[in-house]
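Descriptive structure summary
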Amino acid sequence: MDAPDPSIEAEARLRSLPFPVFELRPQPALTRMSIAGFTEIGGSAGSEEVSTDFSYTLWRYPDDHADHRNEIELDEATRRSLEDEPPWGRPAWLIEQVQAFRYPMLWEAVRTTWRASPAREGSFLDEQLVAHTNHILRNRFREELGLSWDPRTDDDDAWAATTTAASDASLDVDGEHRPARQIDTDPFVYSVGFRVDEHVVCSMVIPRDALPLVDLAVTRLSTGPQTPARTTSSDG
């Protein structure tokens, strides 16, 4: 019952990041989950790449979160695990997190990635857009892709997106249209992203069945010391 809320530490880490971080613009159909995800790749000189991800609860009937039509279909074992309270109890933050599994989720939908070395022009954004797209497909659409539930058997990557699928697009960033890149060829997800500066890119990967409900616009989160994002060409 006295377990600390991990979102407090996650929020502190998020606020300490020295680069701009972006999230989907607040909107009725989405609630950002309280714990951000972090990935860090280190090298001999320290961090070489850092990414942060935001996941969202999706409300198909946003005017009433208690509307049962918002819930996903759960098997009996999963439903019991959500409803049964253990004898030792659970802290309020854990109860809230567990209940979120009743609803559809845009898992790791928005990712901001910083790279220490200046990226090659025309490569960084497309590479990250492909990596983010394939990460979502591999982890959330295995059944649809005909993949085994054992990742060790993922030898055939014919399903995977490649940089050749990326094309020019436009994205609303803090109320302004910015050059962007998109992958609009996958049957299960739509991906779009933009280059913030030579070290930072932001990408989004949204399931296609959620697209009618989601406003694909991003806004900068107030974090630590940052340099202004620069408007760049759309070639990544």
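Presented here is a report on the structure given in the accompanying data block. (Residues numbered from 1 in each chain as written. Predicted model: local features only at pLDDT ≥ 70, side-chain atom pairs only at ≥ 80, totals over all residues. Heavy atoms only, no water.)

**Describing the overall build of the chain**
Of the regular secondary structure elements, the chain holds five helices and 10 strands. Taking 18 Å as the expected radius of gyration for a compact globule of 236 residues, we find that the chain reaches 19 Å, a close match to that expectation. When its C-alpha atoms are laid out on the principal axes, the chain stretches across 55 × 40 × 40 Å. In the chain, which comprises 236 residues, the proportion classed as buried is 45%. For the chain, the share of sequence-separated contacts (at least 6 apart) that also reach a separation of at least 24 residues comes to 67%. A total of about 12,400 Å² of accessible surface is found on the chain, and carbon and sulfur atoms cover 52% of it. (Helix = DSSP H or I, 4+ residues; strand = E, 2+ residues; numbered from the N terminus. Rg over C-alpha atoms; globule rule 2.2 N^0.38 Å. Buried < 20%, exposed > 50% of the residue type's maximum accessible area, 1.4 Å probe, protein only. Contact = heavy atoms within 4.5 Å. Areas by Shrake-Rupley, 256 points an atom, 1.4 Å probe, with all protein chains shown as cover.)

**Focus on the pairing of strand 5 (residues 105-115)**
Judged by how many residues are buried, strand 5 sits mostly within the fold: eight of 11 residues are covered. By the bridge criterion, eight bridges tie strand 4 (residues 46-58) to strand 5 in an arrangement that is antiparallel. Bridged to Thr52 within strand 5 is Thr112. (Pairing = 2+ DSSP bridges.)

**Focus on the pairing of strand 4**
Buried residues dominate strand 4, accounting for 10 of its 13 residues. As defined by bridge partners, strand 2 (residues 30-32) adjoins strand 4 across three bridges and the pair is classed as antiparallel. Its bridge partner lying in strand 4, Thr31 is registered against Thr57. In sequence, strand 3 (residues 37-43) turns back onto strand 4 through a hairpin of two residues.

So far we have only geometry, and geometry alone does not tell us how the molecule works.
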